[in-house]
Amino acid sequence: MENNNTRRNFLKQTAILSTGTIIGSSLFNSVLAAENNLKTENQVLEPENFDFQENYSLPKLPYSYDALEPHIDKATMEIHHSKHHQAYVTNLNKAIETLDKNLVEHSKSLENIFEKMSKFPEAIRNNGGGHYNHSLFWSLMKPNGGGTPKGKLGDAIMSTFGSFDEFKKQFSDASMKRFGSGWAWLVVQDGKLVIGSTANQDNPLMRLRGKGLKGKPVLALDVWEHAYYLKNQNRRADYIASFWNVVNWEAAEALFNS
Ligand SMILES: [Fe+2]
């Protein structure tokens, strides 16, 4: 019972995004969202049910802008969250206002949007993806993070990639090789861990034509220049190396287990 309560409380604390923005699988669907707060270190934002009320909104960070120093700097975090992420939210809401009536109902959760992605205009794809991807990204980092994953995720990484170092190498390679702007991902695809990347603000949940990466996100890394240019300029490899010091593996583990 105690374990169940602990897990429920953890999920309650971790499933939240904000008004209009909880991401969740069926497990998380049963978790009520506390408004607009990401209060603990071990928070996870699982993609799917952004529970729309009136407008999508910017979630608060679960830590201060300088909390990831010296690995990710305060100025980058502040601009990334308060300007870039806010712009995706603002433009998503604007784009929804221009939708045909038959699509408005489908726009009330990001899960619905991603499942019917090809029916929506480009602005919904870019800004809905931007809102979801960044929300997930914030939850997958924490102060004093890093180290190695434990539990079932740690076991799965070991059995899939042979070693944690090999996993890091492959994920870092995917992050480096994404041309231009995009995201690197660790996903569960057909029951297996898979590393890949997506362009722009696309993500593996979007039902799109073509061979793009599909699956349920476990780990995400923003490789847009806006995520690292202030501190690292053009040195994406340095930023990727820094990321490993702030990964919130407990959050990734919760996504994996859900
Ligand atoms: Fe970003």
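Rules used in this analysis
Residues numbered from 1 in each chain as written. Predicted model: local features only at pLDDT ≥ 70, side-chain atom pairs only at ≥ 80, totals over all residues. Heavy atoms only, no water. UniProt positions renumbered as here; feature names shortened; annotations may be inferred. Phe/Tyr/Trp six-rings, centres within 6.5 Å; stacked < 30°, edge-to-face > 60°. Core = buried A, V, L, I, M, F, W, Y, C linked by side-chain atoms within 4.5 Å. Buried < 20%, exposed > 50% of the residue type's maximum accessible area, 1.4 Å probe, protein only. Helix = DSSP H or I, 4+ residues; strand = E, 2+ residues; numbered from the N terminus. Contact = heavy atoms within 4.5 Å. Salt bridge = Lys/Arg side-chain N within 4 Å of Asp/Glu carboxyl O. Lys, Arg positive; Asp, Glu negative; His and termini not counted. Polar contact = N/O pair within 3.5 Å; in protein donor to acceptor, adjacent residues only side chain to side chain. Axes fitted to C-alpha atoms, helices over the stretch in contact; angles between N-to-C directions. Left-handed = near helix turned anticlockwise from the far one by under 90°. Nonpolar A, V, L, I, M, F, W, Y, C, P; charged D, E, K, R; others polar. Donors = N, O, S within 2.8 Å, 3.2 Å for Na, K, Ca; no water. Tetrahedral: all angles 85-135°; square planar, octahedral: opposite > 155°, others 65-115°. Pairing = 2+ DSSP bridges.

- The protein chain is annotated in an unreviewed UniProt entry as Superoxide dismutase of Flavobacterium limicola.
- UniProt, in its Sequence similarities (unreviewed entry) section for the protein chain, records the words "Belongs to the iron/manganese superoxide dismutase family."
- What the UniProt record of the protein chain gives under Function (unreviewed entry) is the line "Destroys radicals which are normally produced within the cells and which are toxic to biological systems."

## Considering the packing of aromatic side chains
Then comes step 1: A full pass over the atoms with the stated rule returns 16 aromatic pairs.
Then comes step 2: Ring centres of F137 and W138 lie 5.6 Å apart, and the angle between their planes is 40°; this geometry places the pair in the tilted category.

## With respect to the nonpolar core
Grouped burial of nonpolar side chains is what soluble globular proteins tend to show.
Then comes step 1: Judged by nonpolar contacts, the single largest core of 62 residues is most densely connected at M141, F167, F171, L186, L219, F243 and W249.
Then comes step 2: The greatest single-element share of this core, amounting to six residues, is contributed by helix α3 (residues 74–97).
Then comes step 3: Not counting the four nearest positions on each side in its chain, F243 is found in contact with F137, M141, F171, L219, A220 and L221.

## So, the pattern of salt bridges
Then comes step 1: Following the criterion strictly, the structure yields five salt bridges and no others.
Then comes step 2: Note that K142 is salt-bridged to E250, the shortest N-O span being 3.0 Å. With K142 in the loop between α6 (122–139) and α7 (151–161) and E250 in helix α11 (residues 249–257), the pair connects residues that are 108 residues apart, well separated along the chain.
Then comes step 3: You can call E250 partly exposed: its relative accessible area is 37%.
Then comes step 4: The residue D173 makes a salt bridge to K169 at a minimum N-O spacing of 3.4 Å. Here D173 and its partner K169 are both found in helix α8 (residues 164–177), four residues apart, which amounts to about one turn of the helix.

## Let's talk about the side chain of R236
Then comes step 1: Within the secondary structure, R236 sits in helix α10 (residues 236–243).
Then comes step 2: Buried and without a salt bridge, R236 has E225 as its closest oppositely charged side chain, separated by 6.3 Å.
Then comes step 3: A polar contact of 2.7 Å, which involves the side chain of R236, links it to the backbone oxygen of G180.
Then comes step 4: Once you skip the residues sitting within four places of it in the chain, R236 turns out to touch S175, M176, R178, G180, V223 and Y228.

## What to know about the packing of α8 against α10
Then comes step 1: Look at α8 against α10: their axes get within 10 Å of each other, and the N-to-C directions meet at 145°. Seen from above, α8 lies across α10 with right-handed handedness. Only R236, A237, I240 and F243 of α10 make contact with α8, whose side of the interface consists of F171, S172, S175 and M176.
Then comes step 2: Looking at the contact of α8 with α10, its residues break down into five nonpolar, two polar and one charged.

## Focus on the coordination of the iron ion
Any two of four tetrahedral donors ideally make an angle of 109.5 degrees at the metal, while pairs among six octahedral donors ideally make 90 or 180 degrees.
Then comes step 1: Bound to the iron ion are the protein donor atoms H80 (NE2), H134 (NE2), D222 (OD) and H226 (NE2), situated 1.9 to 2.1 Å from the metal.
Then comes step 2: Of note is the iron ion, whose four donor atoms meet at the metal with angles of 89 to 132° in an arrangement that counts as tetrahedral.
Then comes step 3: Mapping the donors of the iron ion onto the primary sequence yields the spacing H-x53-H-x87-D-x3-H. Of this pair, H80 sits in helix α3 while H134 sits in helix α6; the two residues are 54 residues apart in sequence, bridging distant segments of the chain. For the residue pair H80 and H134, the accessibility class agrees, reading buried in each case.

## Describing the side chain of N93
Then comes step 1: Mapped onto the elements, N93 comes out in helix α3.
Then comes step 2: N93 has contacts with N55 and Y56, leaving out every residue within four places of it along the chain.

## Examining the environment of G128
Then comes step 1: With respect to the helices and strands, G128 occurs in helix α6.
Then comes step 2: A relative accessible area of 0% places G128 in the buried class.
Then comes step 3: Considered as a pair, G128 and A95 are 33 residues apart in the sequence and their alpha carbons are 9.5 Å apart.
Then comes step 4: When residues no more than four places from it in sequence are discounted, the contact partners of G128 are L92, L110, F114 and A123.

## Structural notes on the environment of E225
Then comes step 1: Mapped onto the elements of the fold, E225 is located in the loop between β3 (216–222) and α9 (229–232).
Then comes step 2: Between the alpha carbons of E225 and Y239 there is a distance of 9.9 Å; along the sequence they are 14 residues apart.

## Topic: the sheet that holds strand β1 (residues 182–189)
Then comes step 1: Pairing is antiparallel across the open sheet formed by three strands, whose spatial order is β2-β1-β3. Each edge of the open sheet carries a strand with a single partner, namely β2 (192–199) and β3. With strand direction ignored, the average angle separating the axes of adjacent strands in the sheet is 20°.
Then comes step 2: Sheet topology places β1 next to β2; eight bridges connect them, and they run antiparallel. Among the inter-strand pairings, Q189 is bridged to a residue of β2, identified as K192.
Then comes step 3: Set on the sheet, α6 makes contact with β1 and β3; between it and β3 the angle comes to about 90°.

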